[in-house]
Amino acid sequence: MLRKFKGLTIAEMMITILIIGIVATLALSTIKPYDKTYKWLYVRMYHSLETAVYNSMMTRNSMVADADLQGFPKNSNDFCNMLKEYMNAASEDSAGGSIVPKCEQSRDLTIGATSFPENKIQLILSNGMRLWIASNSGSPYVLNETINGTSVNMKYYVVFADINGSRGPNLAQWDNSGNTFWDSNSKLVDIVAFVVTESSVVIPVGPPEIDTRYMQASAIYPPNDENDPEGTRSAPNTYYWAKHDAWGDSKAITEPMSLDFASRFPANSPFVVTYPVANTVNNSAGCTSQNNKISQCYVKIEDYN
């Protein structure tokens, strides 16, 4: 007996292709985050770290009786535990999995780190983000700058963060050549770096300084009158652009973002980038670099909802 086989109609084929397309799109979105996801994760990490540092420093300076625990942490263990208290980090015995985070100086990396081993992770946050800490043999690094003829020092630690946790690529750079020629077409990586200063200011370093796929920043200009107390702002741009729009080449200890922390990273660091030609200070908006004095303008990292 001959059997008749019924083929698919055009409508059925179109529906099948549509379903396959939807499933493929969902799969890709779970395997490789879009640029927008990196941007959201990066800014979330930045603000979480900034809030934790600010709150902990306020507590240490005003509520801690022990003089040794006041002020900026004198060693990396203290710094790590300070972050742990305010960043909703998992404890060593409840993190789960094979990776055990631990605040321990023996796990410290250096500012020149090019690899980020899992056995050196010191904090795992409740959202899965993983943190490493870099110190100067357990002590904070010190930035020495001469500003207006005066030598100034600024203590800081470096925090490396894997902003999407154990999910790949778990890289700070894609190849051994580093990100020297980083541009808007370079592949995004998920391990980023932050400088945490004793003034409670968190400084972005590396590719996010010049790549708006990670973050954007605005220069905030002085208010025109009492009806505009917060001042106007520039259109969002790169962090590097916003700094020069606000300050030009001026530096001041009162504006840690104006200081040159990036130059302290060694040349082979994945967080060293080639900067574009800097724009000049925006004098027309009330910013100034006259006599190398810092202006009334400042820089704000933009939020992403």
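Quick caveat, the model's predicted, so the values are computed rather than measured. (Residues numbered from 1 in each chain as written. Predicted model: local features only at pLDDT ≥ 70, side-chain atom pairs only at ≥ 80, totals over all residues. Heavy atoms only, no water.)

Focus on the overall build of the protein
Thinking step 1. From N to C terminus, the protein includes four helices and eight strands.
Thinking step 2. Within the protein, the fraction of its 305 residues that count as buried is 45%.
Thinking step 3. Counting only contacts in the protein whose residues sit at least 6 apart along the sequence, the fraction spanning at least 24 positions is 67%.
Thinking step 4. Per element, the accessible surface of the protein, about 16,300 Å² overall, is 54% carbon and sulfur. (Helix = DSSP H or I, 4+ residues; strand = E, 2+ residues; numbered from the N terminus. Buried < 20%, exposed > 50% of the residue type's maximum accessible area, 1.4 Å probe, protein only. Contact = heavy atoms within 4.5 Å. Areas by Shrake-Rupley, 256 points an atom, 1.4 Å probe, with all protein chains shown as cover.)

Points about unusual backbone geometry
Thinking step 1. Each neighbour pair has its own omega, and for Gly168 with Pro169 the value is 10°, a cis peptide bond.
Thinking step 2. Note on placement: Pro169 falls in the loop between strand 4 (150–162) and strand 5 (191–197).
Thinking step 3. Not every positive phi belongs to a glycine, and Ser137 is a case in point at roughly 55°.
Thinking step 4. Residue placement: Ser137 occurs in the loop between strand 2 (130–134) and strand 3 (141–147).
Thinking step 5. Although it is not a glycine, Ser200 sits at a positive phi angle of roughly 70°.
Thinking step 6. On the secondary structure map, Ser200 appears in the loop between strand 5 and strand 6 (202–205).
Thinking step 7. By relative accessible area, Ser200 is classed as buried at 15%.

Quick look at helix 3 (residues 76–86)
Thinking step 1. For helix 3, every residue scored as buried is listed here: Ser76, Asp78, Phe79, Cys80, Met82 and Leu83.
Thinking step 2. Of the residues flanking the end of helix 3, it is Asn88, one or two places downstream, whose phi is positive at about 55°.

Here we look at the state of the cysteines
Thinking step 1. Tallying each qualifying case throughout the model produces two disulfides.
Thinking step 2. Residue Cys80 pairs covalently with Cys103 via a disulfide, S to S 2.0 Å. Residues Cys80 and Cys103 are joined through a disulfide that is left-handed, its torsion about the S-S bond being -70°. With Cys80 in helix 3 and Cys103 in the loop between helix 3 and strand 1 (123–124), this residue pair connects regions lying 23 residues apart in the sequence.
Thinking step 3. We classify Cys103 as buried; its relative accessible area is 13%.
Thinking step 4. Bridging Cys287 to Cys297, the disulfide has an S-S length of 1.9 Å. Disulfide Cys287-Cys297: torsion about the S-S bond near -100°, hence left-handed. Note that Cys287 is positioned in the loop between helix 4 (239–247) and strand 8 (298–301) and Cys297 in the loop between helix 4 and strand 8, a separation of 10 residues in sequence. (Disulfide = S-S within 2.5 Å.)

Read these as spatial facts, not as claims about activity.
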